[in-house]
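Reading the structure
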Amino acid sequence: MLIIGIAGGSGSGKTTVVKKITGYFSNCDVAVISQDSYYKDLSYLSFQERKKMNFDHPSAIEFSLLEEHLKQLKSGKAIEMPEYSYVTSTRSSTTITIAPSKVVILEGILIYTYKVIRDLLDIRIFVDADPDDRLMRIIRRDVNQRGRSYDQALKHYERFVKPMHQQFIEPNKRYADIIVPQGGENRVAIDLIVSRIKHILSE
């Protein structure tokens, strides 16, 4: 099993890179795990209290469960990946079954902040993007998908996203084996990554 990490700042284009890579393989060959599915369940807090939480800090992620699940997949066992709602900031009562695959892609902004997770990865990729481009994507996503107004999205970026990016995400770029500028638009980088995966799988 090949486990690939794809990290990068919020709005950098990680999801697009994942889609471009997985498009070259069949569903049975590649499984995708999102770090966001492992946000800690905050259902014990009121809705207003949940909205004040910092979801861009490593403490927001249940890394111990993510670690356990990656190790289970590596040992050939299926996992039940949590489902998480960005709107309510709670976990769903349902889960998603992920079966062991030839390639597992773990995607998320904070996955390189946890050493045990980093050490489980065979290839570490960092998706880089201009801060202004990331900001535009974040605001568009927060307004269209996460129920925030324009002003709320901008304040959230200023209070949490930008400082956490500078403290936790950008410094961890040094752990990457491959840095992909321009995200999913970088066809050369995508082709090189896909070729590398195919080469490893054929060995």
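The rules behind these values
- Residues numbered from 1 in each chain as written.
- Predicted model: local features only at pLDDT ≥ 70, side-chain atom pairs only at ≥ 80, totals over all residues.
- Heavy atoms only, no water.
- Helix = DSSP H or I, 4+ residues; strand = E, 2+ residues; numbered from the N terminus.
- Buried < 20%, exposed > 50% of the residue type's maximum accessible area, 1.4 Å probe, protein only.
- Pairing = 2+ DSSP bridges.
- Axes fitted to C-alpha atoms, helices over the stretch in contact; angles between N-to-C directions.
- Parallel < 35°, antiparallel > 145°, perpendicular 65-115°, else oblique.
- Left-handed = near helix turned anticlockwise from the far one by under 90°.
- Contact = heavy atoms within 4.5 Å.
- Nonpolar A, V, L, I, M, F, W, Y, C, P; charged D, E, K, R; others polar.
- Expected span 1.5 Å × (residues − 1).
- 1 Å grid on protein atoms, 1.4 Å probe; cavity = no way out; pocket = protein on both sides within 12 Å on 5 of 7 lines; lining within 4 Å.
- Points joined across faces, edges and corners; volume = space filled by probe spheres on them.
- pLDDT = per-residue confidence, 0-100.
- Core = buried A, V, L, I, M, F, W, Y, C linked by side-chain atoms within 4.5 Å.

1. Let's talk about unusual backbone geometry
The backbone of serine 89 sits at a positive phi, close to 60 degrees, despite the residue not being glycine. With respect to the element layout, serine 89 can be found in the loop between β3 (79-85) and β4 (90-98). A positive phi is found at glutamine 182, a non-glycine position, where the angle reads about 70 degrees. Among the structural elements, glutamine 182 can be located in the loop between β7 (178-181) and α7 (187-202). Overall, glutamine 182 belongs to the exposed group, its relative accessible area being 57%.

2. With respect to the pairing of β4
The pairing of β3 with β4 spans six bridges and is classified as antiparallel. Along β4, the bridge assignment pairs tyrosine 84 with arginine 91. Where β3 hands over to β4, the hairpin turn is made up of four residues, of which serine 89 adopts a positive phi near 60 degrees.

3. Points about the packing of helix α5 (residues 131-145) against helix α6 (residues 150-169)
The interhelical angle for the contact between α5 and α6, taken along N-to-C directions, is 130 degrees, at an axis separation of 10 Å. Between α5 and α6, the interaxial angle falls into the category oblique. Crossing angle aside, the handedness with which α5 passes α6 is right-handed. Between α5, through Pro131, Arg134, Leu135, Ile138, Ile139, Asp142 and Val143, and α6, the contact on the second element is made entirely by Tyr150, Ala153, Leu154, His156, Tyr157, Val161 and His165. In terms of residue class, the contact of α5 with α6 is made up of 10 nonpolar, two polar and two charged.

4. Quick word on helix α3 (residues 63-74)
The terminal C-alpha atoms of α3, which comprises 12 residues, lie 16 Å apart, in line with the 16 Å expected from a rise of 1.5 Å per residue. Regarding α3, the residues found buried are Phe63, Leu65, Leu66, Glu67, His69, Leu70 and Leu73. Along its buried surface, α3 packs onto β1 (2-8), β2 (30-34), β3, β4, β5 (103-107) and α4 (115-120). Glycine 76 sits one or two residues past α3 and shows a positive phi near 90 degrees.

5. Some details on the environment of isoleucine 200
Within the secondary structure, isoleucine 200 is located in helix α7. The class for isoleucine 200 is partly exposed, based on a relative accessible area of 23%. Note: C-alpha distance between isoleucine 200 and leucine 2 (198 residues apart in sequence) is 8.2 Å. Contacts of isoleucine 200, omitting those with residues within four sequence positions, involve Leu2 and Ile123.

6. Section: empty space enclosed by the protein
On inspection of all chains with the given rule, the structure shows one cavity of 30 Å³ or more. Of the pockets and cavities examined, the largest cavity occupies roughly 30 Å³. Every residue along the wall of the largest cavity is listed here: Ala7, Ile109, Leu110, Tyr112, Thr113, Phe126, Phe168, Ile169 and Asn172.

7. Comments concerning the confidence of the model for the protein chain
Within the protein chain, residue pLDDT values average 91, and 100% of them lie at 70 or more. Ranking the helices and strands of the protein chain by mean pLDDT puts α3 first, with 97, and helix α2 (residues 47-50) last, with 86.

8. Considering the nonpolar core
One finds Ile33, Tyr38, Leu66, Leu70 and Leu106 to be the most contacted residues of the largest nonpolar core, which totals 34 residues. Of all the secondary-structure elements, those providing two or more residues to this core are β1, β2, α3, β3, β5, α4 and α6. If you tally residues by element for this core, the top one is α3, at five residues. Beyond its immediate sequence surroundings of up to four residues, leucine 70 is in contact with Ile3, Ile33, Val104, Leu106, Ile117 and Leu120. Of all hydrophobic cores here, the second largest spans 19 residues; its members include Ile4, Ile21, Phe25 and Ile197.

9. Overview of the packing of helix α1 (residues 14-22) against α7
One way to put it is that α1 packs onto α7 with a least axis distance of 10 Å and a crossing angle of 50 degrees. When the interaxial angle is binned, α1 and α7 end up oblique. Crossing geometry of α1 relative to α7 is assigned as right-handed. Listed contacts from α7 to Val17, Lys20 and Ile21 of α1 are Arg187, Ile190, Ile193, Val194 and Ile197.

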